Amino acid sequence: MSYAYDDQNIFAKILRGEIPNTTVLETEHSLAFRDLYPQAPTHVLVIPKGPYVSYDHFASEASEAEIVDYTRAIAEVCRMEGVALTAGDGFRMISNAGSDGVQDVPHLHVHILGGRPLGRMLAKA
Ligand code: AMP
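Attention in this report is confined to the structure presented alongside it. (Residues numbered from 1 in each chain as written. Predicted model: local features only at pLDDT ≥ 70, side-chain atom pairs only at ≥ 80, totals over all residues. Heavy atoms only, no water.)

It is worth spelling out the site of the ligand at this point. Taken together, 16 residues form the shell around the ligand, and within it Asp35, Asn96, Asp104, His109 and His111 come nearest. The separation between an oxygen atom of the ligand and a polar main-chain atom of valine 102 is 3.4 Å. Separating an oxygen atom of the ligand from a backbone N or O atom of valine 105 is a distance of 3.0 Å. Coverage of the ligand by the protein amounts to 87% of the 510 Å² it exposes when considered alone. Contributions of two or more residues to the shell around the ligand are made by helix 1 (10–15) and strand 2 (30–34). Broken down by element, the shell around the ligand gets its largest block of residues, 3 residues, from helix 1. (Near = heavy atom within 4 Å. Polar contact = N/O pair within 3.5 Å; in protein donor to acceptor, adjacent residues only side chain to side chain. Areas by Shrake-Rupley, 256 points an atom, 1.4 Å probe, with all protein chains shown as cover. Helix = DSSP H or I, 4+ residues; strand = E, 2+ residues; numbered from the N terminus.)

Here is the structure:
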(Lines give C-alpha, C1' and ligand atoms only; values in the text may rest on other atoms or scores of the structure.)
Protein backbone atom coordinates (compact mmCIF):
# COMPACT_ATOMS: atom_id res chain seq x y z
CA MET A 1 0.00 0.00 0.00
CA SER A 2 1.25 3.48 -0.77
CA TYR A 3 0.98 6.70 1.20
CA ALA A 4 -1.73 9.15 0.09
CA TYR A 5 -0.79 12.83 0.23
CA ASP A 6 -3.51 15.51 0.22
CA ASP A 7 -2.04 18.63 -1.40
CA GLN A 8 -4.82 20.81 0.04
CA ASN A 9 -3.50 20.47 3.60
CA ILE A 10 -2.59 23.69 5.37
CA PHE A 11 1.17 23.14 5.33
CA ALA A 12 1.11 22.48 1.57
CA LYS A 13 -0.65 25.85 1.28
CA ILE A 14 2.08 27.46 3.40
CA LEU A 15 4.74 25.94 1.14
CA ARG A 16 2.97 27.33 -1.94
CA GLY A 17 2.82 30.78 -0.29
CA GLU A 18 -1.00 30.75 -0.14
CA ILE A 19 -1.04 31.13 3.67
CA PRO A 20 1.40 33.28 5.70
CA ASN A 21 3.78 31.84 8.25
CA THR A 22 6.42 33.10 10.65
CA THR A 23 9.53 31.51 9.19
CA VAL A 24 12.39 30.58 11.50
CA LEU A 25 14.58 28.83 8.92
CA GLU A 26 14.36 27.89 5.27
CA THR A 27 16.75 25.50 3.58
CA GLU A 28 16.77 23.82 0.17
CA HIS A 29 14.45 21.00 1.27
CA SER A 30 12.95 22.16 4.59
CA LEU A 31 10.97 24.97 6.21
CA ALA A 32 10.69 25.80 9.91
CA PHE A 33 8.04 28.19 11.22
CA ARG A 34 6.35 29.08 14.49
CA ASP A 35 3.30 27.12 15.57
CA LEU A 36 0.20 29.32 15.44
CA TYR A 37 -0.89 28.09 18.90
CA PRO A 38 2.39 27.68 20.85
CA GLN A 39 2.31 25.27 23.77
CA ALA A 40 5.72 26.27 25.15
CA PRO A 41 8.02 29.33 24.90
CA THR A 42 9.69 27.60 21.96
CA HIS A 43 7.24 25.84 19.64
CA VAL A 44 8.54 25.55 16.10
CA LEU A 45 7.32 23.20 13.37
CA VAL A 46 9.84 21.81 10.91
CA ILE A 47 8.55 20.37 7.65
CA PRO A 48 10.14 18.93 4.54
CA LYS A 49 9.19 20.74 1.33
CA GLY A 50 8.37 17.43 -0.35
CA PRO A 51 4.92 15.82 -0.21
CA TYR A 52 5.30 13.43 2.71
CA VAL A 53 2.48 12.59 5.10
CA SER A 54 4.43 11.27 8.05
CA TYR A 55 7.88 10.44 9.34
CA ASP A 56 7.69 6.83 8.18
CA HIS A 57 6.63 8.00 4.70
CA PHE A 58 9.56 10.46 4.58
CA ALA A 59 12.12 8.01 5.94
CA SER A 60 11.01 5.37 3.41
CA GLU A 61 10.76 7.49 0.27
CA ALA A 62 12.70 10.76 0.59
CA SER A 63 16.08 11.17 -1.06
CA GLU A 64 19.23 11.14 1.03
CA ALA A 65 19.67 14.86 0.30
CA GLU A 66 16.19 15.59 1.69
CA ILE A 67 16.78 13.46 4.78
CA VAL A 68 20.13 15.06 5.56
CA ASP A 69 18.75 18.56 4.96
CA TYR A 70 15.70 17.94 7.18
CA THR A 71 17.71 16.37 9.99
CA ARG A 72 20.23 19.21 9.98
CA ALA A 73 17.47 21.84 9.76
CA ILE A 74 15.96 20.44 12.96
CA ALA A 75 19.33 20.71 14.71
CA GLU A 76 19.84 24.24 13.41
CA VAL A 77 16.43 25.34 14.70
CA CYS A 78 17.28 23.91 18.12
CA ARG A 79 20.49 25.95 18.11
CA MET A 80 18.76 29.09 16.87
CA GLU A 81 16.05 28.80 19.53
CA GLY A 82 18.63 28.30 22.29
CA VAL A 83 17.31 24.89 23.33
CA ALA A 84 20.11 22.72 21.92
CA LEU A 85 22.26 21.03 24.53
CA THR A 86 25.29 23.04 23.41
CA ALA A 87 23.90 26.07 25.24
CA GLY A 88 20.32 25.41 26.37
CA ASP A 89 18.30 23.20 28.68
CA GLY A 90 16.90 20.84 26.09
CA PHE A 91 13.75 20.29 24.11
CA ARG A 92 11.21 17.70 23.03
CA MET A 93 10.54 16.62 19.44
CA ILE A 94 7.11 15.25 18.62
CA SER A 95 5.86 13.99 15.28
CA ASN A 96 2.25 12.85 15.32
CA ALA A 97 1.06 10.43 12.63
CA GLY A 98 -2.40 9.27 11.71
CA SER A 99 -5.49 8.88 13.86
CA ASP A 100 -3.92 7.15 16.86
CA GLY A 101 -1.13 9.73 16.78
CA VAL A 102 -3.76 12.49 16.59
CA GLN A 103 -2.21 14.18 13.57
CA ASP A 104 -4.24 17.21 12.53
CA VAL A 105 -2.22 18.31 9.50
CA PRO A 106 -1.33 15.47 7.10
CA HIS A 107 2.07 16.82 6.03
CA LEU A 108 5.08 15.59 8.01
CA HIS A 109 6.04 18.00 10.75
CA VAL A 110 8.22 17.76 13.81
CA HIS A 111 7.21 19.94 16.74
CA ILE A 112 10.23 21.35 18.60
CA LEU A 113 9.15 22.36 22.08
CA GLY A 114 11.25 23.89 24.82
CA GLY A 115 11.96 26.89 27.00
CA ARG A 116 10.37 25.39 30.12
CA PRO A 117 10.27 21.98 31.84
CA LEU A 118 7.85 19.96 29.72
CA GLY A 119 6.74 17.30 32.17
CA ARG A 120 6.45 13.63 31.40
CA MET A 121 6.13 12.43 27.83
CA LEU A 122 2.49 11.34 27.87
CA ALA A 123 -0.44 12.16 30.08
CA LYS A 124 -2.04 9.02 31.49
CA ALA A 125 -5.03 8.07 29.35
P1 AMP B 1 -0.52 17.99 14.68
O2 AMP B 1 -1.67 17.78 15.61
O3 AMP B 1 0.72 17.29 15.12
O4 AMP B 1 -0.89 17.69 13.25
O5 AMP B 1 -0.14 19.54 14.79
C6 AMP B 1 -0.55 20.52 13.90
C7 AMP B 1 -0.04 21.82 14.45
O8 AMP B 1 -0.15 22.80 13.45
C9 AMP B 1 -0.79 22.36 15.68
O10 AMP B 1 0.13 22.50 16.75
C11 AMP B 1 -1.35 23.69 15.20
O12 AMP B 1 -1.33 24.67 16.22
C13 AMP B 1 -0.43 24.03 14.06
N14 AMP B 1 -0.98 24.88 13.02
C15 AMP B 1 -2.16 24.76 12.38
N16 AMP B 1 -2.29 25.71 11.44
C17 AMP B 1 -1.15 26.43 11.47
C18 AMP B 1 -0.66 27.55 10.72
N19 AMP B 1 -1.38 28.11 9.74
N20 AMP B 1 0.56 28.03 11.03
C21 AMP B 1 1.30 27.49 12.02
N22 AMP B 1 0.90 26.43 12.75
C23 AMP B 1 -0.31 25.91 12.48
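Moving on: the nonpolar core. Core analysis: the biggest nonpolar cluster contains 18 residues, and Ala32, Val46, Tyr70, Val77 and Ile112 have the highest contact counts within it. In terms of residue count, the dominant contributor to this core is helix 3 (residues 64–80) (5 residues). In this view, valine 46 contacts Leu31, Ala32, Tyr70, Ala73, Ile74, Val77, Leu108, His109, Val110 and Ile112; residues no more than four positions away in its chain are not counted. Core analysis: the second largest hydrophobic core is formed by 7 residues, Ile14, Leu31, Phe33 and Ile47 among them. (Core = buried A, V, L, I, M, F, W, Y, C linked by side-chain atoms within 4.5 Å. Buried < 20%, exposed > 50% of the residue type's maximum accessible area, 1.4 Å probe, protein only. Contact = heavy atoms within 4.5 Å.)

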